[in-house]
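So the chains spell out like this:
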Amino acid sequence: LDLRFDLSKVLFVCTANIIRSPTAEYLLKEKLRAADARPEWQVRSAGTWAMPGFPVDRTAAELLAEKGIDPSQHRSQEINRELLEWADIVFVMENSHREALQIEFPDQKAKIYLLSALQNQQLEVADPVGQSPVEYWAAVEEISRCLASAPASILELYQN
């Protein structure tokens, strides 16, 4: 896979930045590590209503651990202009996230996509917070499916 291009900064956004967006962040980081991608790739996550400083939700962390991923360094953060301007491309979990960001930061709207756009779809990743481990597993699997052909699918979307 040829990863020589301009894109290098990916931002994932969900609501609280403790389940979906850090799951996407850590799954992509693992894919990039496994693909031996260039070190210029940077991946972060944030939340539209995040309280700063919280770790990944315990159930999500357990599911990531089953995939050999340790998200213990993660601390939640709220989305802001600096993060949006830092990112080359932004992936959100729900239409409401995209709408909120596009309203608050209209100059950044062209680089904000639903995560499922990586699979040429317009599907939301449901928030499993407060639900059973089955819903958590479904969310992690949906995120993983969306990232299945990353980073190539990210590049393709970015270049179009």
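Residues numbered from 1 in each chain as written. Predicted model: local features only at pLDDT ≥ 70, side-chain atom pairs only at ≥ 80, totals over all residues. Heavy atoms only, no water.

Undergrad: Can you explain the overall build of the protein? Please cite residues and give values.
TA: A tally of helices and strands in the protein yields 6 helices and 4 strands. The N-to-C order of helical and strand elements in the protein reads β-α-β-α-α-β-α-β-α-α. Against the compact-globule benchmark of 15 Å for 160 residues, the protein has a radius of gyration of 14 Å, which places it among compact chains. The principal-axis extent of the C-alpha atoms belonging to the protein is close to 40 × 35 × 30 Å. (Helix = DSSP H or I, 4+ residues; strand = E, 2+ residues; numbered from the N terminus. Rg over C-alpha atoms; globule rule 2.2 N^0.38 Å.)

Undergrad: Talk me through helix α4 (residues 95-104); I want residue IDs and the actual numbers.
TA: For an α-helix, 3.6 residues make a turn, and residues three or four places apart therefore share a direction. Where α4 is concerned, the buried positions are His 97, Arg 98 and Leu 101. One side of α4 holds all its buried residues, which, seen down the axis, span an arc of 95°. The secondary structure elements touched by the buried residues of α4 are β1 (9-14), α1 (20-34), α3 (81-86), β3 (89-92) and β4 (112-114). (Buried < 20%, exposed > 50% of the residue type's maximum accessible area, 1.4 Å probe, protein only. Arc of directions from axis to C-beta. Contact = heavy atoms within 4.5 Å.)

Undergrad: So what's going on with the sheet that holds β3? Residues and values would help.
TA: Read across the sheet, 4 strands follow the order β2-β1-β3-β4 without closing on themselves; strand pairing throughout is parallel. Taken across any chain shown, the strands that pair with only one partner, and hence form the sheet edges, are β2 (42-47) and β4. Pairs of neighbouring strands in the sheet enclose a mean axial angle of 25°, with direction left out of account. With 6 bridges joining them, β1 and β2 adopt parallel strand pairing. Bridging across to β2, Phe 12 finds its partner in Ser 45. α4 rests against β1, β3 and β4 of the sheet, and its axis sits at about 170° to β4. (Pairing = 2+ DSSP bridges. Axes fitted to C-alpha atoms, helices over the stretch in contact; angles between N-to-C directions.)

Undergrad: I'd like to hear about the environment of Trp 137, residue by residue, with values.
TA: Position of Trp 137 relative to the elements: it lies in helix α5 (residues 133-146). For Trp 137, a relative accessible area of 48% puts it in the partly exposed group. Sequence-wise, Trp 137 and Leu 11 are 126 residues apart; in three dimensions their C-alpha atoms are separated by 22 Å.

Undergrad: Can you explain the packing of helix α2 (residues 58-66) against α5? Please cite residues and give values.
TA: The description of two packed helices rests on the angle between their axes and on the distance between the axes. At a closest axis distance of 10 Å, the pairing of α2 and α5 adopts a crossing angle of 55°. Looking at the two axes, α2 sits oblique to α5. Here the hand of the crossing between α2 and α5 comes out right-handed. Contacts from Thr 59, Ala 60 and Leu 63 in α2 reach Pro 133, Tyr 136, Trp 137 and Val 140 in α5. Split by residue class, the contact of α2 with α5 holds 6 nonpolar, 1 polar and no charged. (Parallel < 35°, antiparallel > 145°, perpendicular 65-115°, else oblique. Left-handed = near helix turned anticlockwise from the far one by under 90°. Nonpolar A, V, L, I, M, F, W, Y, C, P; charged D, E, K, R; others polar.)

Undergrad: A description of the nonpolar core should follow, citing residues and the corresponding values.
TA: Ranked by size, the top nonpolar core spans 28 residues in total, and within it Phe 12, Leu 28, Phe 91, Leu 115, Leu 147 and Ile 154 carry the most contacts. Elements represented by at least two residues in this core include exactly β1, α1, β3, α5 and α6 (152-159). In terms of residues, this core owes the most to one element, α1, which gives 5 residues. Phe 91 has contacts with Val 10, Leu 11, Phe 12, Val 13, Tyr 113, Leu 114, Leu 115, Leu 118, Ile 154 and Leu 157, leaving out every residue within four places of it along the chain. The next biggest cluster of nonpolar side chains, apart from the first, holds 14 residues, and it includes Ala 46, Trp 86, Val 92 and Leu 114. (Core = buried A, V, L, I, M, F, W, Y, C linked by side-chain atoms within 4.5 Å.)

In short, geometric facts, not functional conclusions.
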